[in-house]
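Chain by chain, the residues:
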Amino acid sequence: LAGIEYRPPSHLLPNQLHVLGLSYFQARDDERAAVIFTLLTTLEDSDAYKTPKNHLIAAVAWYRLDNFSMADAYLEKILKAPNQEGLARFRAQARLWKSVIAERTNKHVYSQYWLTDLVDNHPHSGEVELINNSAKGATREPAASH
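Notes on the structure follow. Keep in mind that this is a model prediction, so the values were computed, not measured. Throughout this description, residue numbers start from 1 for each chain and increase along the sequence as written. Reporting in this predicted model follows two pLDDT cut-offs: at least 70 for local features of residues, and 80 or more for side-chain atom pairs to be given and counted; totals over whole chains, interfaces and linings ignore these cut-offs and use all residues. Calculation of side-chain values draws on the structure's entire complement of heavy atoms; hydrogens and water are dropped beforehand.

## Observations concerning the environment of Asn83
Under the DSSP-based scheme used, a helix requires at least four consecutive residues in state H or I and a strand at least two consecutive residues in state E, with every element numbered from the N terminus. With respect to the helices and strands, Asn83 occurs in the loop between helix 4 (68-80) and helix 5 (87-104). Burial status follows relative accessibility: with a 1.4 Å probe on protein chains alone, a residue under 20% of its type maximum counts as buried, one over 50% as exposed, and anything between as partly exposed. With relative accessibility at 69%, the residue Asn83 sits in the exposed group. Counted as a polar contact is a pair of N or O atoms within 3.5 Å, where, for protein atoms, one must be capable of donating a hydrogen and the other of accepting one, and residues adjacent in sequence contribute only when both atoms are in side chains. Among the polar contacts made by the side chain of Asn83, one reaches the side chain of Arg91 at a distance of 2.6 Å.

## Points about the pattern of salt bridges
A pair is scored as a salt bridge if a Lys or Arg side-chain nitrogen falls within 4 Å of a carboxyl oxygen belonging to Asp or Glu. One pass over the structure, following the stated rule, counts 8 salt bridges. Between Asp29 and Arg32 there is a salt bridge, with the nearest N and O atoms lying 3.7 Å from each other. Residue class for Arg32 comes out partly exposed when judged on its relative accessible area of 32%. With a shortest N-O distance of 3.2 Å, Asp47 and Lys50 are connected by a salt bridge. A relative accessible area of 33% places Lys50 in the partly exposed class. Put simply, Asp72, Glu76, Lys80 and Lys98 are held in one network by salt bridges that share partners.

## Let's talk about the packing of aromatic side chains
Stacked, tilted and edge-to-face pairs are distinguished by plane angle, under 30 degrees for stacked and over 60 for edge-to-face with tilted covering the rest, among Phe, Tyr and Trp rings (Trp via its six-membered ring) whose centres lie within 6.5 Å. Enumeration over the complete set of coordinates arrives at 4 aromatic pairs. When the ring of Tyr63 is compared with that of Trp97, the centres are 5.0 Å apart and the planes differ by 65°; the resulting orientation is edge-to-face. Separated by 34 residues along the polypeptide, Tyr63 in helix 3 (residues 52-64) and Trp97 in helix 5 bring together distant segments of the chain. Classification of Tyr63 as buried rests on a relative accessible area of 13%. Residue Trp97 is classed as partly exposed on the basis of its relative accessible area, which comes to 25%. Here the aromatic rings of Tyr113 and Trp114 are separated by 5.0 Å at their centres, their planes lie at 80°, and the arrangement is edge-to-face. Ring pairs connect the aromatic residues Tyr63, Phe68 and Trp97, which therefore count as one cluster.

Such coordinate-based values are descriptive only and should not be taken to indicate function.
So, in structure tokens, the structure goes:
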């Protein structure tokens, strides 16, 4: 974070920074998005922005900047968050991103671990469907529901 020169506007309220950060993220201005979402998710006087969605956005922005340790730290926050409604989808995405990070850092065993963990924990998710359908164009029947 210290290596990035961008400083978010100090006159904006957190909700305005959030909108600005989302626009930077969508425009793939990842340095600015990473700085803003890091700031928002570490605000001491508010937990409003410490959400799985914001942690995932921060993780993806840091991943795009090749800062895999920061990305991984945000993904861990999602996986360690207490259960709440809607969290399963973010956990599935976090597991998939952890696999991608492991693969990018040549940790192939960990990459396979996270893919297996994803399939075990979210067998009917869209992320697992991507895995099932992307293996060299092959398709595989999804896991049976129990």
